[in-house]
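Read off the chains here:
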Amino acid sequence: MAEWVNGKVTQVKQWTDGLFSLVVNAPIDPFTAGQFAKLALEIDGERVQRAYSYVNAPDDANLEFYLVTVPEGKLSPRLNQLRPGSDVMVTKEAAGFFVLDEVPDCDTLWMLATGTAIGPYLSILQQGVGLERFNNLVLVHAARFARDLSYLPLMQQLQQRYNGKLRIQTVVSREETPGSLTGRVPALIEDGRLEAAIGLTIDAETSHVMLCGNPQMVRDTQQTLKDHRQMRKHLRRKPGHITSEHYW
């Protein structure tokens, strides 16, 4: 059984009508960058909960979560109504294995995300621990519209901080936007456009790909990497080239 602690909302960032971030203070246990917690509210006598990844680095006391409002959802519309000073329950202990310790050594680490699944990568990059064993880092954030690229300014700050080691690329699927690729991630890998934009290749010899986001994107990208780059899923007992996590 998960142990819950009471948190206080300190900030609500409303990015768009459907995207927002909650910043919370809560007495949680230490976590590893890339992990998630569960947030919960008591609604009609029931504890309604859902998992959300930490956006903040583990040493930052301001716990940040990036959320999409599901109009018919039980929890997310209520969370979006919270204001500074509101109470929210948080699991004391984080969970999940989408962490750098599960990623083998390689030359280039590709971090691909759709939507709110950019969160764990931002936590990993803001912490900056364990990345010295990679020569190149690539962060790709895919969204439907340019306005949905909420954390692009932070991505650009991180790019400057890593001084040439980190390359960033945004992808927009439903409109053309200067500086962004247009289309879906699997197609951009299959036809080489993503690699051309970044200036690095995705291959089994030099690369490891982390995938986080929409389950369909994760499945399709895994299949594309398998069919066109001879890459396979990474398992502890059978090392491979792809580490993935689904965001529902």
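These numbers come from a predicted model, not from an experiment.

Trainee: Could you give me a rundown of the domain arrangement of the protein, with the residues and numbers involved?
Mentor: By domain assignment, the protein separates into domain 1 (2-89) and domain 2 (98-244). In this assembly, 19 residues from domain 1 lie in contact with 16 residues from domain 2. Of the roughly 1400 Å² buried between domain 1 and domain 2, counting both surfaces, carbon and sulfur atoms make up 63%. Contact with domain 2 buries surface across domain 1, with A33, V55 and Y66 losing the most and accounting together for 40% of the total. In this assembly, domain 1 and domain 2 are joined by zero salt bridges. Applying the counting rule to domain 1 against domain 2 returns seven residue pairs in polar contact (both at pLDDT 80 or more). Of all the elements in the fold, those that place two or more residues in the side of domain 1 that touches domain 2 are β2 (19-25) and β5 (63-68).

Trainee: Quick one: what's the story with unusual backbone geometry, residue by residue and with numbers?
Mentor: One non-glycine residue, D44, lies in positive phi territory at about 55°. Structurally, D44 is set in the loop between β3 (36-43) and β4 (46-53). Even without a glycine there, the phi angle at N163 is positive, about 50°. Position of N163 relative to the elements: it lies in the loop between α3 (152-161) and β9 (166-172).

Trainee: Could you give me a rundown of the pattern of salt bridges, with the residues and numbers involved?
Mentor: Applying the stated rule across the entire model yields 10 salt bridges. When the shortest N-O distance is used, the salt bridge between R236 and E102 registers 2.4 Å. Taken together, the residues R236 in the loop between α6 (215-229) and β12 (242-246) and E102 in the loop between β6 (87-91) and β7 (108-114) connect sequence positions 134 residues apart. For D220, the salt bridge is made with R184, and the minimal N-O distance between the two is 3.2 Å. You can see D220 sitting in helix α6 and its partner R184 sitting in the loop between β10 (180-182) and α4 (185-190), a full 36 residues away along the chain. By relative accessible area, which is 25% here, D220 ends up partly exposed.

Trainee: Which residues make up the environment of L181, and what values go with them?
Mentor: Position of L181 relative to the elements: it lies in strand β10. Accessibility expressed as a relative area gives 15% for L181, which makes it buried. In sequence terms L181 and Q169 are 12 residues apart; their C-alpha atoms lie 7.8 Å from each other. When near neighbours in sequence (up to four residues on either side) are disregarded, L181 contacts Q169, T170, V171, V172, L188, R193, L194 and A197.

Trainee: Explain the pairing of β5 to me, and be specific about the residues and the numbers.
Mentor: Counting buried positions over the six residues of β5 gives five, a clear majority of the element. Two elements, β2 and β5, share six bridges in a ladder whose sense is antiparallel. Looking across to β5, one finds that V24 is bridged to L63.

Trainee: Outline the side chain of S123, supporting the account with residue identities and numerical values.
Mentor: Looking at where S123 falls in the secondary structure, it is placed in helix α2 (residues 119-127). When near neighbours in sequence (up to four residues on either side) are disregarded, S123 contacts F31, A33, G34, Y54, V55, N56, A57 and P58.

Trainee: Just give me the short version of α3, but keep the residues and values in it.
Mentor: All buried positions along α3 are accounted for by L154, M155 and L158. Taken end-on, α3 shows its buried residues confined to a sector of 100°, consistent with a single buried face. Opposite the buried face of α3, at more than 90 degrees from it, the exposed residues are Q157 and Q160. Looking at the buried positions of α3, the neighbouring elements they touch are α2, β8 (136-143) and β9. Where α3 terminates, the next one or two residues include N163, which has phi positive at roughly 50°.

Trainee: So what about the pairing of β9? Which residues, and what values?
Mentor: Of all seven residues in β9, six are buried; the element is thus mostly enclosed. As paired elements, β8 and β9 share seven bridges and run parallel to each other. Counted as the bridge partner of L137 is L166 from β9. Taken together, β8, α3 and β9 constitute a β-α-β crossover, and its handedness is right-handed. Pairing geometry for β9 and β10, over three bridges, is parallel. In the sheet register, V171 faces β10, and the bridge partner there is L181.

How each quantity is defined
- Residues numbered from 1 in each chain as written.
- Predicted model: local features only at pLDDT ≥ 70, side-chain atom pairs only at ≥ 80, totals over all residues.
- Heavy atoms only, no water.
- Domains from an automatic or database assignment.
- Contact = heavy atoms within 4.5 Å.
- Buried area = accessible area lost by both parts, 1.4 Å probe.
- Salt bridge = Lys/Arg side-chain N within 4 Å of Asp/Glu carboxyl O.
- Polar contact = N/O pair within 3.5 Å; in protein donor to acceptor, adjacent residues only side chain to side chain.
- Helix = DSSP H or I, 4+ residues; strand = E, 2+ residues; numbered from the N terminus.
- Buried < 20%, exposed > 50% of the residue type's maximum accessible area, 1.4 Å probe, protein only.
- Pairing = 2+ DSSP bridges.
- Arc of directions from axis to C-beta.
- Right-handed = clockwise from strand over helix to strand, strands pointing away.

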